[in-house]
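Residue strings, one per chain:
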Amino acid sequence: MRIGVLALQGAFEEHINMLKELNVDAFEIRQKKDLEQEMDGLILPGGESTTMYKLLNDLHMFDLIKEKIEHGLAVFGTCAGLLLLAKKVNNHSTSYIQTMNIVAKKNAFGRQLGSFRTTGSFDSLMDVPFVFIRAPYIESVGEDVTVLATVEGLIVAAKEKNQLVTAFHPELTKDLTIHKYFIDMIKENLE
Ligand code: GLN
């Protein structure tokens, strides 16, 4: 299995390390030609969504990414990656790739100057560690979206067909649960 990680900005290296621990062939996507390679999945990491969006446009990668996701490429967006995929970002003038039927709120979770850790359930899995850093949350989800996790009553993880998003950063923990979950999603997608 091959998974590409968008490596323009943000916490991409941590995702690559986790995928390697899970024996996945992981590679960095830095320019348009990297996107043209064969891949079974794509990770959009945390970082700064507006900066990533600008770079995707400047490097002429935006349309190709959107098209691949629309054609069923499995994608996992963490934090800023969630914002990139959301149909609408409610408190921001720009929405980005807009392939996922969720409305997100940027820099919205808790006291925004700090980050925080907690644990919670994720789908049927218990005690999964969540790390939040200036995190968004999901305000509302569309019909085909499954909510996978909530914290303090707010939606922090969801899935829609080939798309998985978390407002938190599993790559900043030592726990491989969420990456395994994404890999299982890809396997189901391939069957
Ligand atoms: N606040 C960031 C944004 O708006 C997301 C934070 C993160 O990815 N850790 O893009």
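The structure displayed is predicted, hence computed values, not measured ones.

Q: Would you mind going over the packing of aromatic side chains with me for this structure?
A: Each aromatic ring pair is described using two quantities: the centre-to-centre distance and the angle formed by the ring planes. Taken as a whole, this structure holds 12 aromatic pairs when the rule is applied. Measuring from ring centre to ring centre gives 5.5 Å for Y53 and F62, while their planes differ by 80 degrees; the resulting arrangement is edge-to-face. The class of Y53 is partly exposed, set by a relative accessible area of 22%. Residues F122 and F168 carry aromatic rings whose centres are separated by 6.5 Å and whose planes lie at 80 degrees to one another, so their mutual orientation is edge-to-face. Of this pair, F122 sits in strand β7 (residues 115–122) while F168 is found in the loop between β12 (163–166) and α6 (177–190), placing the two residues 46 residues apart along the sequence. Accessibility expressed as a relative area gives 0% for F168, which makes it buried.

Q: How should helix α1 (residues 12–21) be read in this particular structure?
A: Quick reminder: α-helices carry 3.6 residues per turn. Residues three or four places apart thus point the same way. For α1, the complete set of buried residues consists of F12, H15, I16, M18 and L19. One side of α1 carries all its buried residues, which in axial view fall inside an arc of 165 degrees. In this fold, the buried residues of α1 make contact with β1 (2–6), β2 (25–29), β3 (41–44), β4 (74–78) and α6. N23 sits one or two residues past α1 and shows a positive phi near 60 degrees.

Q: Help me out: how do you make sense of the nonpolar core in this one?
A: Among soluble globular proteins, nonpolar side chains are generally buried collectively. Core analysis: the largest hydrophobic core is formed by 70 residues, its most contacted members being L6, L44, I65, F122, F132 and F182. Beyond its immediate stretch of four places on either side in the chain, F132 contacts F109, S115, F116, T118, V151, V156, A167 and F168.

Q: Would you mind going over the site of the ligand with me for this structure?
A: G46, G47, E48, S49, C79, A80, L83, K106, N107, I133, R134 and H169 make up every residue found near the ligand. The separation between an oxygen atom of the ligand and a polar main-chain atom of S49 is 2.6 Å. About the coverage of the ligand: the protein hides 94% of its 300 Å² of free accessible area. Of the residues contributing to the shell around the ligand, the split by class is 4 nonpolar, 5 polar and 3 charged.

Q: Can you help me understand the environment of L73 in this one?
A: Take L73: it is sitting in the loop between α4 (62–70) and β4. The class for L73 is buried, based on a relative accessible area of 10%. Considering only alpha carbons, one finds L73 and D175, 102 residues apart in sequence, at a separation of 24 Å.

Q: Whenever I open this one, the pattern of salt bridges confuses me. Can you help?
A: Any two side chains of opposite charge can pair, on the condition that their charged atoms come close. The final tally for this structure, using the stated rule, is 6 salt bridges. Close ionic contact of D25 with R2 constitutes a salt bridge, the shortest N to O distance being 3.1 Å. With D25 in strand β2 and R2 in strand β1, this residue pair connects regions lying 23 residues apart in the sequence. Measuring nitrogen to oxygen at the nearest pair gives 3.4 Å for the salt bridge that ties E48 to K106.

Rules behind the numbers
- Residues numbered from 1 in each chain as written.
- Predicted model: local features only at pLDDT ≥ 70, side-chain atom pairs only at ≥ 80, totals over all residues.
- Heavy atoms only, no water.
- Phe/Tyr/Trp six-rings, centres within 6.5 Å; stacked < 30°, edge-to-face > 60°.
- Buried < 20%, exposed > 50% of the residue type's maximum accessible area, 1.4 Å probe, protein only.
- Helix = DSSP H or I, 4+ residues; strand = E, 2+ residues; numbered from the N terminus.
- Arc of directions from axis to C-beta.
- Contact = heavy atoms within 4.5 Å.
- Core = buried A, V, L, I, M, F, W, Y, C linked by side-chain atoms within 4.5 Å.
- Near = heavy atom within 4 Å.
- Polar contact = N/O pair within 3.5 Å; in protein donor to acceptor, adjacent residues only side chain to side chain.
- Areas by Shrake-Rupley, 256 points an atom, 1.4 Å probe, with all protein chains shown as cover.
- Nonpolar A, V, L, I, M, F, W, Y, C, P; charged D, E, K, R; others polar.
- Salt bridge = Lys/Arg side-chain N within 4 Å of Asp/Glu carboxyl O.

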